[in-house]
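Per-entry structural report
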Amino acid sequence: MVRMAITESVARAEGAPPNGRDGGTPDLSSLPATVNWLRDHGLLLETDVEVNPDLELTGIQKGLDGSYPILFNTVKGHPHVRALTNLFANYGIIERLFGWENAQDRTRKLAHALTHPIKPVEIDQREALCQQEVLTDDLDVNKIIMAIRHTAQESELTVGSGNSVVAGAYFAGGSHIGYNRMNFRWGNVGTFQSAPGSHMWQIITEHYRDAEPIPLTMCFGLPAACTLIAGGGFDYVVLPRGADELGAAGAVQGFPVRLVKARTVDAWAVADCEYVLEGHLYPRDKRYETAEAEAADRQGKFPFHPEWAGYMGKAYKAPTFHVTGITMRNRAERPLLYALGVHMSDDSNIDTTVRESAIFELCRRLQPGIIQDVNIPYAMTDWGGCIIQVKKRNKIEEGWQRNFLGAILSCSQGMRLAIAVDTDVDIYSMDDIMWALTTRVNPHTDILNPIPGGIGQTFQPQERMTAGDKEWTASNTRFEGGMGIDATLPFGYETDFARPLYPIDRVDLKRWFSQGDIERGKALMKGWVEVLARTGR
């Protein structure tokens, strides 16, 4: 049996106001509570037909990319698991969940949350839903946590939806939450991949030579705000070491995240998540992510796990996470596991939503009032690029857009393209962006390459190529520097770049055509014509 709860519009239920406060406030206290709210409001696709986490789940997700959250009530090989995906796939649904009016409101309110955290609170272990069951033996992780295979190009399945949680001394008194892909090839021991420069990389680097391993938890099926903030990769000027990322999640949801002490290690877990892997991270116990790479004894060669840049990832040697305990909600209730498919709008929206707000805050710190909005289109691949919209209020502010571009490229490890445009350009329309690039950019003076030889990301094949015949690892690759493009008008010359304003405000199409004919005509309008018709340009 297949059950579908579908509304006329993916973005919003029919007749619903845009701020998500219709029919009761969304319940963000736990993932099951949020799923129930989505179901009640017709914003969930749900099926009882068995899904195989090996290729089927991601195939379905890609086929419905950008649409509704999807709940699979029956998972092959995991009778205790219900799998959720596409939770963040549609921006209209995201904005309803968190009460954001529109894209610009989303960026500004999230930027405020990042800088005004609500401190997490500790609860007693007896109250923690994630510790209703506690396992300390038979810790074969793949029996409990559903691993997935994205593509047939990969030789093995991956656990990629877990969030590493570190709070306290190991994170300079703050709290960290983020994503780390794992492959449990040895039962209770799995590889633990962290991106160079990331928060977990910082923790590993600081404690690399410690006699004792690093205690932490990997949490699965977290409240939606925690899942969102976990996507804040490489936003470390705004969320530096020692920041309170769990506090930022609390500010997003409007109440504190609840933490609970782990049962087997000196670490913390998000109390309202569904599953927790407790254990120790061993920075120097490095093992290959796949048996294929191990057999060849070669890093950066064999495909493993797609990357946010839209290319296949590669298998590397990585530190290992040794699981000492597994806790979870009562298995009889079949707790949820959020299966995060990579290079989907789901994971892209998680990452870019936080990143847009961090870039907005970065520019606002440099000089308030000029930055108006930030957008990272899906095609700019999460960490790979951004578009900023600026408003120069006087001649003295001419040039700040270039400072912004330089700062963004310098502070965002591996970013390759940053574009600045004016307020008359719709930063959510790639047609409008292409028009601005075509008509406003001087190729000799408006294209910037500020940090050649700086640090980059090996997730981009173009960067990997710089290693030549050496292993395609971070130590052997070089960053070309990224590109900033100033597509803004020089202050004082606005009239020389005046756009035509057609008299759409002076005509009412209903004088000439029926409502049905108008709708029939507008249904054929696709692409840039929609933007121009809306603005009269």
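Residues numbered from 1 in each chain as written. Predicted model: local features only at pLDDT ≥ 70, side-chain atom pairs only at ≥ 80, totals over all residues. Heavy atoms only, no water.

1. Observations concerning the sheet that holds strand β12 (residues 258–261)
Backbone-to-backbone hydrogen bonds pair the strands of a sheet. The strands run either parallel or antiparallel. The 3 strands are arranged β5-β12-β13 in an open sheet whose pairing can be described as mixed. The two strands at the open ends of the sheet, each matched to only one other strand, are β5 (121–122) and β13 (268–270). Across 3 bridges, β12 lies against β13 in antiparallel orientation. Among the inter-strand pairings, Leu259 is bridged to a residue of β13, identified as Val270. (Pairing = 2+ DSSP bridges. Helix = DSSP H or I, 4+ residues; strand = E, 2+ residues; numbered from the N terminus.)

2. Here we look at empty space enclosed by the protein
The full count for this structure, using the stated rule, is 2 cavities of 30 Å³ or more. Estimates place the volume of the largest cavity at around 70 Å³. Surrounding the largest cavity, Phe234, Asp235, Tyr236, Val237, Val238, Ala358, Ile359, Leu362, Cys411 and Ser412 form its lining. The biggest single contributor to the lining of the largest cavity is helix α10 (residues 345–366), with 3 residues. Looking at the lining of the largest cavity residue by residue, the class counts come to 8 nonpolar, 1 polar and 1 charged. A volume near 50 Å³ is recorded for the second largest cavity. Around the second largest cavity, the lining residues are Met146, Ile148, Thr158, Val159, Gly160, Ser161, Leu337, Ala339 and Leu340. Looking at the lining of the second largest cavity residue by residue, the class counts come to 6 nonpolar, 3 polar and no charged. (1 Å grid on protein atoms, 1.4 Å probe; cavity = no way out; pocket = protein on both sides within 12 Å on 5 of 7 lines; lining within 4 Å. Points joined across faces, edges and corners; volume = space filled by probe spheres on them. Nonpolar A, V, L, I, M, F, W, Y, C, P; charged D, E, K, R; others polar.)

3. Looking at the nonpolar core
The nonpolar side chains of a soluble globular protein tend to be buried, and buried together. Formed by 92 residues in total, the largest nonpolar core has its most connected members in Phe98, Leu277 and Phe321. One finds Cys386, Val421, Ala436 and Ala487 within the second-largest nonpolar core, a separate group that totals 31 residues. (Core = buried A, V, L, I, M, F, W, Y, C linked by side-chain atoms within 4.5 Å. Buried < 20%, exposed > 50% of the residue type's maximum accessible area, 1.4 Å probe, protein only.)

4. Considering the environment of Gln104
Within the secondary structure layout, Gln104 lies in helix α4 (residues 103–115). Considered as a pair, Gln104 and Leu216 are 112 residues apart in the sequence and their alpha carbons are 36 Å apart. With sequence-adjacent residues up to four places away left out, Gln104 is seen in contact with Gln372, Asp373 and Tyr428. Separated by 3.1 Å, the side chain of Gln104 and the backbone oxygen of Gln372 make a polar contact. (Contact = heavy atoms within 4.5 Å. Polar contact = N/O pair within 3.5 Å; in protein donor to acceptor, adjacent residues only side chain to side chain.)

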